[in-house]
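# Structural features, examined
The lines below spell out each chain.
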Amino acid sequence: MRVLFADDHELLRDTLALFLHSAGIRTDTAADLDGAMARIDAAGPFDLVLLDLAMPGMNGLAGLRHMLEANGGRPVALISGSVRRETVDQAKALGAAGFLEKTLSPEDFTAAIRAMASGAACPQERSEQSRPATGERPLTRRELQVLEGFCHGLSNREIAAKLDISEPTVKLHARTLCRKLGAANRTQAAMVARETGLF
């Protein structure tokens, strides 16, 4: 697997590159979009390209469009320290393989990179500024009850018993509320709930 990681934050770039190398992932780096384009010109398309949304040359999502073309249809993902949900949605609509937060642990970053490079959905994707959906996608009363159980660390079985519903029903509500919250799993859903003051 060959990954190109472009970020103008030298310490983050070099640290992550070393970690990926230690995990058996061949990694090239660049400090800006022009440098990333030059690496592709020299070495050909990569299995995955990671672009810092705010680095020089990106010009918002325009840089993503250019890189999608340059990388020959292979996956391109974005990383950022903080981003709005609408930006994530726009990037995905343009063809981004995923959107990673810089606050992820190196282990989670590696797992996400392997998944996206293989064509799978990004398992860690969630906007740092995600908020519970309102209006078109409000959480139902039951979803809120399941989410409250997550926040209290209850298992699916414990939530099912407390709400007098089946475990498969709990899992169904969990999938739906995670989608609405932009969370990858129950732990992230609970984090969103706490960050936004739901519980």
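One can find the structure itself at the top, above this paragraph.
We now turn to the structure provided with this report. Given the structure is predicted, the values throughout are model-derived calculations rather than measurements. (Residues numbered from 1 in each chain as written. Predicted model: local features only at pLDDT ≥ 70, side-chain atom pairs only at ≥ 80, totals over all residues. Heavy atoms only, no water.)

## A few points about the pattern of salt bridges
Applied cut-off: Salt bridges, as used here, are contacts in which a Lys or Arg side-chain nitrogen is within 4 Å of a carboxyl oxygen on Asp or Glu. Strands are runs of DSSP state E lasting at least two residues, helices are runs of H or I lasting at least four, and both sets are numbered from the N terminus onward. Accessible area is worked out with a 1.4 Å probe on protein chains only. A residue is then buried under 20% of its type maximum, exposed over 50%, and partly exposed in between.
All chains considered together, the criterion is met by 5 salt bridges. Its salt-bridge partner being Glu-167, residue Arg-157 comes within 3.5 Å of it at the nearest N-O pair. With Arg-157 in helix H7 (residues 156-163) and Glu-167 in helix H8 (residues 167-181), the pair connects residues that are 10 residues apart, well separated along the chain. A relative accessible area of 31% places Glu-167 in the partly exposed class.

## Structural notes on the nonpolar core
A general feature of soluble globular proteins is that nonpolar side chains tend to end up buried together. Note the following rule: We call a set of buried residues a nonpolar core when its members are Ala, Val, Leu, Ile, Met, Phe, Trp, Tyr or Cys and they connect through side-chain atoms within 4.5 Å of each other. Any two residues having at least one pair of non-hydrogen atoms within 4.5 Å are treated as being in contact.
Val-49, Leu-51, Leu-64, Met-67 and Leu-78 are the most contacted members of the largest nonpolar core, which has 23 residues in total. Those elements that provide at least two residues to this core are strand E1 (2-6), helix H2 (33-43), strand E3 (48-52), helix H3 (62-70), strand E4 (76-80) and helix H4 (85-94). In terms of residue count, the dominant contributor to this core is H2 (4 residues). Aside from chain neighbours lying at most four places away, what touches Leu-64 is Leu-51, Met-58, Val-76, Leu-78, Ala-91, Leu-94 and Ala-96. The next biggest cluster of nonpolar side chains, apart from the first, holds 19 residues, and it includes Leu-139, Val-170, Leu-177 and Ala-183.

## Examining the sheet that holds strand E5 (residues 99-101)
To summarise the sheet geometry, strands pair through backbone hydrogen bonds and adopt either a parallel or an antiparallel arrangement. Under the convention used in this document: The pairing criterion for strands is at least two bridges between them, as found by DSSP. Note on geometry: axes are lines fitted to C-alpha atoms, helical ones only across the stretch in contact, with angles between N-to-C directions running from 0 to 180 degrees.
Reading across from one edge, E2-E1-E3-E4-E5 is the order of the 5 strands in this open sheet, with parallel pairing throughout. The sheet terminates laterally at strand E2 (26-30) and E5, the two strands that pair on one side only. Between one strand and the next, the sheet's axes are offset by a mean angle of 25°, whatever the strand orientation. The pairing of E3 with E4 spans 4 bridges and is classified as parallel. Across the sheet, Leu-50 pairs through a bridge with Ala-77, a residue of E4. Sitting on the sheet, helix H1 (residues 10-22) is in contact with E1 and E2, with an inclination near 170° to E2.

## Thoughts on the environment of Leu-4
Summarising the element assignment, Leu-4 is placed in strand E1. Given the relative accessible area of 0%, Leu-4 is considered buried. Taking C-alpha positions, Leu-4 is 8.2 Å from Arg-39, a pair spaced 35 residues apart along the chain. Among all residues touching Leu-4, those that are not within four sequence positions of it are Asp-28, Thr-29, Ala-36, Arg-39, Ile-40, Phe-46, Leu-48, Val-49 and Leu-50.

## Here we look at helix H5 (residues 106-117)
To keep it simple, the criterion reads: Here the expected span of a helix is defined as 1.5 Å times the quantity of residues minus one.
The end-to-end C-alpha distance of H5, which contains 12 residues, comes to 16 Å, matching closely the 16 Å that a straight helix rising 1.5 Å per residue would cover. When H5 is considered as a whole, its buried residues turn out to be Phe-109, Thr-110, Ala-112, Ile-113, Ala-115 and Met-116. At its buried positions, H5 is contacted by E1, H1, E3, E4 and E5.

## A look at the pairing of E2
Defined as follows: With the strands aimed away from the viewer, a crossover counts as right-handed if its path from the first strand over the helix to the second runs clockwise.
Taken together, the 5 bridges between E1 and E2 define a ladder with parallel strand orientation. The residue bridging Leu-4 from the neighbouring strand is Asp-28, located in E2. Regarding topology, H1 serves as the crossover connection from E1 to the parallel E2, and that connection is right-handed.

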